[in-house]
Structure formats: structure tokens, C-alpha cells
Amino acid sequence: MSSPTRWAGRLLPLVLLVVWLAVGGGLGPYAGKLGEVATNDQAAFLPRSAESTRVIEAQRAFRQDETLPALVVWTAPGGGPIDAGQRSAATRALATLTGVPGVVGTPSPALPSEDGEALRGVVQLRPDLGEELAPTLGAIDRAASTVPGTTVWLAGPAATQADLSDAFAGIDGLLLAVALVTVLLILLLVYRSVLLPLVIILGAVFSLGLACAVVYVLADHDVLRVDGQVQGILSILVIGAATDYALLLAVRYREELARHAGDRVPAMRAALRQSVGPITASAATVALGLLALLFSDLTNNRALGPVGAIGIVCAVLSALTFLPAVLVLLGRAAYWPAKPRSSESEGGGHGVWRRVAALVDRAPRKVWAATLAGLLACAAFAPALDSRGVPLDEIFVNDAPSVAAQQTLGRHFPGGAGNPAVVIAEAGALAEVTSAAAGVEGVDSATAVTASGRPGAGAPLVVDGRVRVDVTLADAADSDAAKDTVARLRTAVHAVSGAEALVGGYTAQRYDTQRTAERDRMLIVPVVLAIILVILVGLLRSLLLPLLLVATVALNFVATLGVSALVFEHVFGFTGTDSSVPLYGFVFLVALGVDYNIFLMSRVREESLRHGVREGVLRGLTATGGVITSAGVVLAATFAALGVIPLAFLVQIAFIVAFGVLLDTLVVRSLLVPALVRDLGRTAWWPGALSRRPEPDSPAA
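So, a few notes on the structure that sits alongside this text.

The rules behind the values
Residues numbered from 1 in each chain as written. Predicted model: local features only at pLDDT ≥ 70, side-chain atom pairs only at ≥ 80, totals over all residues. Heavy atoms only, no water. Buried < 20%, exposed > 50% of the residue type's maximum accessible area, 1.4 Å probe, protein only. Helix = DSSP H or I, 4+ residues; strand = E, 2+ residues; numbered from the N terminus. Pairing = 2+ DSSP bridges. Patch = residues over 30% accessible without salt bridge, like charges linked within 9 Å, V, L, I, M, F, W, Y side chains within 5 Å. Areas by Shrake-Rupley, 256 points an atom, 1.4 Å probe, with all protein chains shown as cover. Salt bridge = Lys/Arg side-chain N within 4 Å of Asp/Glu carboxyl O. Phe/Tyr/Trp six-rings, centres within 6.5 Å; stacked < 30°, edge-to-face > 60°. Axes fitted to C-alpha atoms, helices over the stretch in contact; angles between N-to-C directions. Contact = heavy atoms within 4.5 Å. Core = buried A, V, L, I, M, F, W, Y, C linked by side-chain atoms within 4.5 Å.

Turning next to the pairing of strand β5 (residues 421-426). Among the six residues that make up β5, five are buried, leaving the element largely enclosed by the rest of the structure. Pairing analysis gives six bridges linking β5 to strand β7 (residues 466-473), with the strands arranged antiparallel. Bridge pairing in β7 places I424 opposite R468. Both β5 and strand β8 (residues 502-505) contribute to a ladder of four bridges, which runs antiparallel. Paired with V422 across the bridge in β8 is G504.

What follows concerns a nonpolar patch on the surface. A cluster of nonpolar residues, L11, L14, V15, V18 and V19, forms a patch on the protein surface that exposes about 400 Å² of accessible area. Examined against the element boundaries, V15 turns out to sit in helix α1 (residues 3-27). On the accessibility criterion, V15 (42% relative accessible area) is partly exposed.

Our focus in this paragraph is the packing of aromatic side chains. Scanning the model with the defined rule gives 13 aromatic pairs in all. With a centroid separation of 5.5 Å and an interplanar angle of 80 degrees, the aromatic rings of Y584 and F649 are classed as edge-to-face. Of this pair, Y584 sits in helix α18 (residues 581-611) while F649 sits in helix α20 (residues 648-680), placing them 65 residues apart in sequence. The pair formed by Y584 and F649 is uniform in burial state, with each residue classed as buried. Among the aromatic residues, ring-to-ring pairing joins F568, F572, F574, F655 and F659 into one connected group.

This brings us to the sheet that holds β7. The sheet built from four strands is open, its strands ordered β6-β7-β5-β8 with antiparallel pairing. Looking at the sheet topology across the chains shown, the edges are occupied by β6 (443-448) and β8. Each neighbouring strand pair of the sheet contributes to a mean axis angle of 25 degrees, computed without reference to strand direction. Against the sheet, helix α16 (residues 506-540) touches β7 and β8, its axis set at about 100 degrees to β8.

The next point concerns the nonpolar core. Core analysis: the biggest nonpolar cluster contains 162 residues, and Y245, I312, L327, F588, M601, F639 and W685 have the highest contact counts within it. In this structure, W74, V123, A158 and A159 belong to the second largest nonpolar core, which totals 28 residues.

Here the focus is the sheet that holds strand β2 (residues 111-112). One open sheet accounts for four strands, arranged β2-β3-β1-β4; its pairing is antiparallel. Each having just a single partner strand, β2 and β4 (151-155) make up the two edges of the open sheet. Helix α13 (residues 401-412) contacts β1 (68-75), β3 (118-125) and β4 of the sheet and is inclined by roughly 105 degrees relative to β4.

Among the structural elements, E518 can be located in helix α16. Separated by 131 residues in the primary sequence, E518 and S387 have C-alpha atoms spaced 9.1 Å apart.

A few words on the pairing of β7. Counting buried positions over the eight residues of β7 gives eight, a clear majority of the element. Residues R466, R468, D470 and T472 point to one face of β7 and V467, V469, V471 and L473 to the other, with burial holding for every one of them. Where β6 and β7 come together, five bridges link them in antiparallel fashion. Bridged to V443 within β7 is L473.

Counted according to the given criterion, the structure contains 17 salt bridges. The residue R252 makes a salt bridge to E606 at a minimum N-O spacing of 2.6 Å. Of this pair, R252 sits in helix α8 (residues 228-259) while E606 sits in helix α18, and the two are 354 residues apart along the sequence. Each member of the pair, R252 as well as E606, carries the same accessibility label: buried. A salt bridge links E426 to R466; the nearest nitrogen and oxygen atoms lie 2.6 Å apart. Of the two residues, E426 sits in strand β5 while R466 sits in strand β7, which places them 40 residues apart along the sequence. Look at E426 and you get partly exposed, because its relative accessible area is 24%. Each of the salt bridges in this network shares a partner with another, and the network as a whole consists of R252, E255, E256, R259, R603, E606, E607 and R610.

Right under this line is the structure:
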């Protein structure tokens, strides 16, 4: 290489390194600031076109602002009766909260339960309190605690939202620390290098800082919404993806260093030439798969799409600019104390993968038949996964105060007490609507809201010719029975002529969210599969093989759901999953599962062009076995880190993705796909050029 070319080859990496150091120093802090623009107000993530969302808009005519109810419950220690003096003291305590910052209107009086062992009051709060929610609930608790001889419980949506905020508190630092330490330990153990794991981790952190800065600006300008779940998934996704892409390039560069006798710049050019295609195709499958979530009618799903895609773009940008720059500057020192060796010099790769390749070569049909049977057996349990929602007492993995309070409330009052279904209807049909609602199976009572803001205390409040009826359900507001009651309630009030009734409220919102999630799955799943298929056809220049790859990752997903159904019920004790869990699991597993098949089959194609299809499969599997497996372990470990957040939704996502990635890496990509391609031979590459190329040892060759 000439001196000017060598000089330019060393200067560009230095410039790139300086740029990324500036990015890391300037934008790195945004990785810890994203919580400032995140919202955990669940009402902000309702289906945009759902009936319950239209009710929220209609309710604003009856109140200046939508409110967040806090339910105060008093019980006597030991389960004794509540006397009249305690009831009067509780009503006075609630009255003192009028005018407290964050409290809307006048709190209700304290009402006794039918069994006489508890009191209940409702305090309406502003829904946008944010960090002030906890102090406001503290003020309510202090006021309520003045009632002698009672124990105070705070339940309802306000208490649940406060516990959610506590669960997400410190998410930036804790989640990032767990993920990074996990990745670092795995890399140190697998690659036994001192500098390489640190370089890869640094690149992942820089890409996360850049992604968080972009998302922060967009969220701050209300271009997209971010909640704690999206925030946590972004951190894990970027760290995992950036590490995977970096490993693929770093291992290829190690091979090229050996081939080029340590000449850094030519080695990196060769490594990039062979790695850019698989890495960018892999990133495109994940990014476009996530962007397919824009077809969702749920706002938090729509937010995850662009947020995740931004993270993937930043991850691949770091892997293809920062990492090459540092590796060129470090050269062989990046792998110290190990010495760079090519796969050929290692005798075809690590001994384990030579044995796996030999097994695939010796009995491909038995291998793919056995693995296929095992996956189908796991998939048979997939229908047992209940995705109709997580009950309130299972939302939190730990013992959240709001859960215990809600359970206490349910023991003494109707399940929907304090959290009614809301019916908005024409004033002229008030009597008919109220009667129809009260007659629905599962409804405890139906009462029009009055000018005082409370049901049954005066003349009905009429605003723009419409009235509001609060319907108390007999079952807990988050239960499947309550959702069924809402469906019957809608049928009943919609049938009232001229009422133009709408049914909303907490239970209706959960019901609409569940139905919207089911609709999203029916729409988004085929869109994601079509996107991935198009990318694979373009990359592999084949049609049959991409169809096989898409089918195998889809089967891996269904098998993972089957195993998850058993683990969630019999190990974790969950009775159901959040309605969005299957869709999130599908997008992540299918897109990320195709990643590893892209890494494998792009190398198989490269080797097949040189050595023939049969030898190409064996060489490709041997050469990529170690790096893809370690990348899969890293990604599974990073997603498993989501389990540190004590929310059932994230624990479920963590298990599904972590287990599914390992199943895909160790079974589908290592055994099923290579065995299928080995058994099909040239036919697998139909109708591409490889399907017409004779094998080196054939008469045609």
C-alpha cells in the first residue's frame, strides 16, 4: 500500500473516533434523561378510534379536566365493624382535602360497605400530576389516617399509577447497569480478550446515547410518546443489537487480519466488504419490522415502532463506523491476549461446530425431522397462552401497596366500586338508558351524575343536551367478567332509540385495548413476514430458501409461546399475559431470529460460490457457529435484564424473547436450517444462480 493511501487509511479512523467520542460525551447523558419526557399515564395509550376513547373526549364537557380517581378504604383491625363516629371522622377527613394541590373538586363522603366492616371514599385527582402524584397521595393518606381505630388503604387507578412510577424509578441506571455488566461478562468469558469487550460495550453505550438523544427531542416536541415500557425496551434493544452487529464484524476482522498478515486497513476493508451486507440486511429486518407497529391503533405500540427503529439505526451506525475505526487503530492488540487466526488456520473452526457440521452432513434428514418434531411439540401448547390481559393483582411481580388495597376493597364492596363504567347519552333518553344499564347482568347499579359531580345527589347534570350515567359493575374492574359485562352493557344502551349512547371507563378501556391488540396482530403479523421475506429474497437471491427461513422463525415463535404458556402458569404463577405481549414477542423474535439466519446463510452463500452448496453449508455453519451463538447468548441475556423491573408485562417479554432467541440460536439456526439446506442441496437456492451451479465433484463440474 502506498504511503498516502496508508496515511488516509489511518486518518479516517482517527476522525471517526473523535466524532464518536464527541457524540458520547455530548449525548451520552440523554440515556439517563429519557424518563423526563416519558409518561406512564395509561389513558394516553388507548386505542385512538375506540369507543372508550371517545367517551374521554365527551367527559370533558362534564368536567374541566379528566380526573384520576384515588379510592380511600378504611377497615377496622381484626375485621371488626365500623361505627358511626368513625364514618363521620372519615367524611370530615375527606372534606379537608378540598383545595389540596392536585385534588379536583370535592371528595365524596365516606360510604359504608354492606357488611359494615369498611368505609370507602373517592378523591378525584388531576391525571397529569407526574412526579407530584406520590406527594398528593401522601397528603390523602395523612388526612385519612386521622380516623381513629382504622387502617387506611389507597386503591384505584391513582394508586396503581403511583406504583407503576415507583417500578420505573431508576430504570435508566439499573437496567443499563445490569445489561452492560451481563454483556461484558459474557464477552470476557467467550472471547478471552481484555480490550475487545470494552470496545464493543463502549460502542453500544455511544449508540444508546445517540438514540436516546434523538428520541428525547422527538418526545419533547410531542412527535411521539414514550412510556417506561418503551424506554426500557429501547435500552435493551440497542445494547443487544449493537453488540450483535459488533461481534459479527469483529470476528470477521480477526479472520481477515490473519489472512492479510496483520495489515490493518486492507483487513478491515475485506471484513467490511463481507459484513456490511448481512449487518445492514439484519438491521433492516428489525427496523422495518418495528416500523410495522405504526399500523397499530394503540399509541404505545405505535411509539415503540419508530423508537425501536431509531435505536437499531444508531446501533448499526456505531457498528459500521465507531468499531471499525477503533479496531483499525488497535489492530491485533484489540484481541490480546488471543492471537487472530482465520477459520482455515483453525482447521475449519471450533471443534464443537465441526462436530455439529459433521452431524448435519451425515444425517441431515434425521436432524431436521427430529428438531422439527420437537418444535411442533412445543408449539402445540401455544393456544394455552391467555393474552386477554393481566389481572390487577398480577401487574406487579412484587407486593405493590395498590394491589393489597384493591383486594381489600373487593372484599367489602362491589368489584367495580369507585371505578365505574361511564355512559354518555342524550338527555332525553336518560330514563331508558339508566333502566337498560341497570338491567344488564353483572351491573350492580346505574345512576346519573348530578350537578354536584356525584351520582344521585340532586338533578341530573345536562351539558350540551347530554348526560352522564355511572354504572357500578359487580365484578372487579380489571376482571374478564367485568369486560364481558361492558360488552353486554354496550349492546343494551346502544339499542335505546335516540340515545346515541357511548360506554367508556377503566373496564371499557381495557376491553377496547384487548380487542385492538387482537386486530393489530391480525394486521401486523403478515406485514412483518412480508417485509422480512422481501429483504431475504434480495439478500440471498433465492425464493425457496427465504420462504423456508421465514417459516422456521415463525415456527420458533409459536414454539416459544407454547413453552411460555407452561412456564407462566406453572412456574411464575401468571394467569394471563398482557394483550400486547404476543405482538411484541412476535416482532422481536421473528425479526431478531431472521438476523441469525441472515448471518449464517449469507456466509453459506459466500462459501457455496467458492466450494459448492454441500461444502458451503458445512463451512458456513462452522465459521459462524461460535460468533452467532455468542451473539444469541448476549441478546438473550440483555433482554432477560428486563426482568429486574417488577412488572409482569416486562418479565413476560423478557422470558419470551430470551428463551426464543436461545431456541432459535441453538436449535433452529444450528440444526434445523442447515439440515434442511443440506438435504435440499442446490434446490434450496431456487431459482437463483446457485440452484443451477453443479457441485464441484459432479460430472457437470
